[in-house]
Structures are given as C-alpha cells and as structure tokens.
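Spelled out from the first residue to the last, the chains are:
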Amino acid sequence: MRVLALAFAFLPFCAGAALAGPMPVLPDLPPLPEISGTIDSGGFYAGVLAGWGGGAAVEDGLEAGIVVGATMPAADLLIGAEALLSGNLHGGGAIEAGLRLGFPVGDSFALFSTAGLGYDFDRDAFAVLGFGAEADLGDDWLLRADYRANLDLSGEAISHRILSGLVKRF
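Since the model is a prediction, treat every value here as computed from it, not as a measurement.

Criteria and cut-off values
- Residues numbered from 1 in each chain as written.
- Predicted model: local features only at pLDDT ≥ 70, side-chain atom pairs only at ≥ 80, totals over all residues.
- Heavy atoms only, no water.
- Phe/Tyr/Trp six-rings, centres within 6.5 Å; stacked < 30°, edge-to-face > 60°.
- Buried < 20%, exposed > 50% of the residue type's maximum accessible area, 1.4 Å probe, protein only.
- Helix = DSSP H or I, 4+ residues; strand = E, 2+ residues; numbered from the N terminus.
- Lys NZ or Arg CZ within 6 Å of the ring centre and 35° of its normal.
- Contact = heavy atoms within 4.5 Å.

Visitor: Where do I start with the packing of aromatic side chains in this structure?
Guide: The geometry of two aromatic rings is summed up by the distance between their centres and the angle between their planes. The tally for this structure, following the rule as stated, stands at two aromatic pairs. For the ring pair Tyr119 and Phe121, a centre distance of 6.2 Å and an interplane angle of 65 degrees mean the geometry is edge-to-face. On the basis of relative accessibility, which here comes to 40%, the residue Tyr119 falls in the partly exposed class. We classify Phe121 as partly exposed; its relative accessible area is 49%. A ring pair is formed by Phe131 and Tyr147, whose centres lie 5.4 Å apart and whose planes are at 40 degrees; its orientation type is tilted. Placement of the pair is Phe131 in strand β6 (residues 125-138) and Tyr147 in strand β7 (residues 141-152), with a sequence separation of 16 residues. Judged by relative accessible area, which is 53%, Phe131 ranks as exposed. Judged by relative accessible area, Tyr147 falls into the partly exposed class, the value being 25%. The ring of Phe112 has Arg100 lying over it, and the distance from NZ or CZ to the ring centre is 4.1 Å.

Visitor: What is the right way to read the side chain of Asp120 from this model?
Guide: Mapped onto the fold, Asp120 is located in strand β5 (residues 109-120). Looking at Asp120, the relative accessible area reads 9%, which means it is buried. Residues within four places of Asp120 in sequence aside, it is in contact with Gly93, Ala94 and Phe126.

Have a look at this one:
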C-alpha cells in the first residue's frame with residue numbers, strides 16, 4: 001500500500017513533460033562545405049616554383065621555374081610525370097623531365113620523391129634526384145616545396161636546389 005501511495009505521489013512529476021506540448025521546430029542547418037578534391041585525386045597540373053640553387057658546379061643564387069605534369073592515383077600511391085623549365089639570375093637555365101612517386105598523408109598532404117634527367121644550357125646533361133611535399137590549399141591549388149640534387153653526367157660536382165611555389169590542378 002505504501003508503494004502504491006508513493007507511486008501516485010510522484011505521478012505529477014512524471015506527467016509534466018508529457019503535458020508540456022509539442023516540440024518547437026528547429027531551423028534547417030546550412031549544408032557542409034564540399035571539398036573539390038583531395039590530394040590523392042590526381043590529374044594534370046601546372047605551376048610556378050622559386051627558390052635557391054647552388055653548389056660546386058654553379059653559382060649560388062635565386063632560381064625560378066615553370067612546372068607542368070600529371071599525377072594519377074594507384075592504390076595507396078601517387079604516380080606521375082613532370083617537366084620543369086628553370087632559370088637563374090646568372091643567366092643559366094635548364095630543362096628537365098622525370099617521374100614522381102609519392103603517397104598521401106591524410107586528405108590534404110602528400111610526400112613524394114623525384115627522379116629524372118635534364119639538360120643545362122651552360123654545361124651538359126644531368127640526373128635529378130629529389131623529394132618534396134605538397135599541401136592542398138583548396139580550390140585545386142597546392143602549396144609545394146621540394147629539394148632537388150643535380151648529378152652532372154659530365155663528371156662535375158653535385159648542385160642542389162630548394163624550390164617552393166604554387167601549383168594549380170586541372
């Protein structure tokens with residue numbers, strides 16, 4: 001009997017929420033922003049790179065170049081080919097072509113390595129080895145930084161370059 005009396009005593013507290021009325025209508029939330037592509041979506045790209053170059057075979061100084069290429073995803077890797085036309089403040093220039101192999105680190109960052117061949121307009125042919133990183137800035141723009149070591153095939157010493165810049169994916 002006491003349990004029944006106690007249950008009836010708490011009944012008004014339990015029924016209050018049920019008698020409060022309908023829930024208010026919540027406003028619609030704005031849609032989430034869409035990302036145009038992730039770092040591993042691949043495709044053609046072109047951009048401008050600038051930085052420092054120097055070593056035993058060349059004068060130290062500023063360098064700038066135009067890079068074009070294509071990247072395609074393959075499983076968890078990024079495989080690509082690119083060409084770079086570069087020049088420096090001392091009047092020298094080079095053209096190089098090579099392959100890239102990399103992997104994405106999350107949706108907006110990638111690490112890669114580069115290997116290829118090039119021709120320096122002042123000296124001769126050279127091999128290129130390097131590595132770098134890309135960060136997705138959104139709207140198909142990438143911030144890129146890479147290190148390249150040029151190994152002269154004519155027997156001269158190694159030269160080094162550190163380049164960074166903006167790249168646009170198409």
